[in-house]
Amino acid sequence: MGVMFSQCSCLSAIPAFLHGSAGQVAQLTDKPWYMFHLADRVNWLEQLRAHGFVVIRGVATMEQVNVAKNLLWDAMCERFGNIIRNDPDTWNFPLNQSGIVPWLAQSAGAWAVRGWPGIKQAFAYIWEVDDLIVSMDSVLVWRPWWVQSEWKPSTEGLHLDQNPFWKPGLECVQGMVPLLPVTDASGGLQVVPDSHLDEAKADFKRTHGNMISSGDWCPCDDDDLQEKALLLHAAPGDLILWDARTVHGGLVGTGICGENNAGSADLARLSVTVSMTPRSFARDLVLDRRRQGFRRGENFNHVPHEAGTSSGTVRAPVRRNFQPPVLTDAQRALL
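What you are looking at is a predicted structure, and each value in this text was computed from that prediction instead of being measured. (Residues numbered from 1 in each chain as written. Predicted model: local features only at pLDDT ≥ 70, side-chain atom pairs only at ≥ 80, totals over all residues. Heavy atoms only, no water.)

**Quick notes on the pairing of strand 2 (residues 53-57)**
Point 1. Counting buried positions over the five residues of strand 2 gives five, a clear majority of the element.
Point 2. Alternating positions in strand 2 separate into two faces, Phe53, Val55 and Arg57 on one and Val54 and Ile56 on the other, with burial throughout.
Point 3. Pairing analysis gives three bridges linking strand 1 (residues 35-37) to strand 2, with the strands arranged parallel. Each bridged residue has a counterpart across the sheet, and for Phe36 the counterpart in strand 2 is Ile56.
Point 4. Handedness of the crossover joining strand 1 and strand 2 through helix 1 (residues 41-51) is recorded here as right-handed. (Buried < 20%, exposed > 50% of the residue type's maximum accessible area, 1.4 Å probe, protein only. Helix = DSSP H or I, 4+ residues; strand = E, 2+ residues; numbered from the N terminus. Pairing = 2+ DSSP bridges. Right-handed = clockwise from strand over helix to strand, strands pointing away.)

**Overview of the pattern of salt bridges**
Point 1. Tallying each qualifying case throughout the model produces twelve salt bridges.
Point 2. Note that Arg49 is salt-bridged to Glu46, the shortest N-O span being 2.7 Å. Placement of the pair is Arg49 and Glu46 together in helix 1, with a separation of three residues, close to one helical turn.
Point 3. Judged by its relative accessible area of 21%, Arg49 is partly exposed. (Salt bridge = Lys/Arg side-chain N within 4 Å of Asp/Glu carboxyl O.)

**Some details on the nonpolar core**
Point 1. Trp44, Trp116, Phe123 and Leu179 are the most contacted members of the largest nonpolar core, which has 66 residues in total.
Point 2. With near-sequence residues (within four places) excluded, Phe123 lies in contact with Leu132, Val173, Leu239, Leu241, Val274, Ser275 and Met276.
Point 3. Phe53, Leu231, Ala234 and Trp242 belong to the second largest nonpolar core, which has 15 residues in total. (Core = buried A, V, L, I, M, F, W, Y, C linked by side-chain atoms within 4.5 Å. Contact = heavy atoms within 4.5 Å.)

**Brief notes about helix 4 (residues 117-127)**
Point 1. Buried within helix 4 we find Gly118, Ile119, Ala122, Phe123, Ala124, Ile126 and Trp127.
Point 2. Phi turns positive, to about 60 degrees, at Glu128, one or two residues after helix 4.

**Details of unusual backbone geometry**
Point 1. With a phi angle near 70 degrees, Asp194 is a residue other than glycine that sits in the positive phi range.
Point 2. Counting through the fold element by element, Asp194 comes out in the loop between strand 8 (187-191) and helix 5 (198-207).

**Things to note about the environment of Asp243**
Point 1. Turning to its location among the elements, Asp243 is positioned in strand 11 (residues 239-243).
Point 2. Linking Asp243 and Leu197, residues 46 residues apart in sequence, is a C-alpha distance of 9.9 Å.
Point 3. Discounting chain neighbours no more than four positions away, the residues touching Asp243 are Leu48, Gly52, Leu170, Cys172 and His196.

Shown next, in the form of structure tokens:
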């Protein structure tokens, strides 16, 4: 058996808000100021509009979270046959330093998260329509680097996924669902509050004029932005949302566990990226390309209606004999 260790777990139709859960879920002892329940939509929509980000509590039950985790682990164990889930000594599977795993985009585990009713409800509130399509983006996996130091991840730093020179308005609300707790020890997603606002974007264009000729991927890991960045704490099954115009990026945690973090072996981070936009935003050609990509096992990016054309898209080779997961009616409706 492997070692046991402390678990640090560690476009056009702009919605009106931009102009002006069943089951037991994990609990945070202190609720951060940016965290709301899904039913409190007036306040969380205002938080998203005013500050560019929000965390919505418990859009999934712990049963749903565990099902998604199990399916993702099943996919990894199937791909790398020498993995034993409860034995970190066997976790030396291929993984890039950032922990971005594009080949899991069309896995049953990622689709399980996409099909949670609470996630669709949140995006339906944002866009004020029910006919939505979902992103088919990467899964984030960090191994516990306090077990093996060479596993310590290295993130992409602060950046934008939407070029303000060419896309100044709202194109997408990005999302992420952690399946493990996001803490100071684990690290996770950090954002720069209010950086989506017109004034902030005007400053950004003045200081990053070179970005005018780049694509949507705009690295901006500047010292002044780093000082303003905020790590978003979250519990498993929460939905982290941020306006695509908001400066954001990954932050590696301290890796320091508290005395109350004892538990069985687990990853440091396991999060599924998910965003939804109205189907009407996508051309028929894009919708056909999405369906083909699903059948082939391709990954796309965070913008559902663009079919993975962003310059920041991380690609995975298409696997021979890929068999797509069997989708429920609710999941298929998002394709």
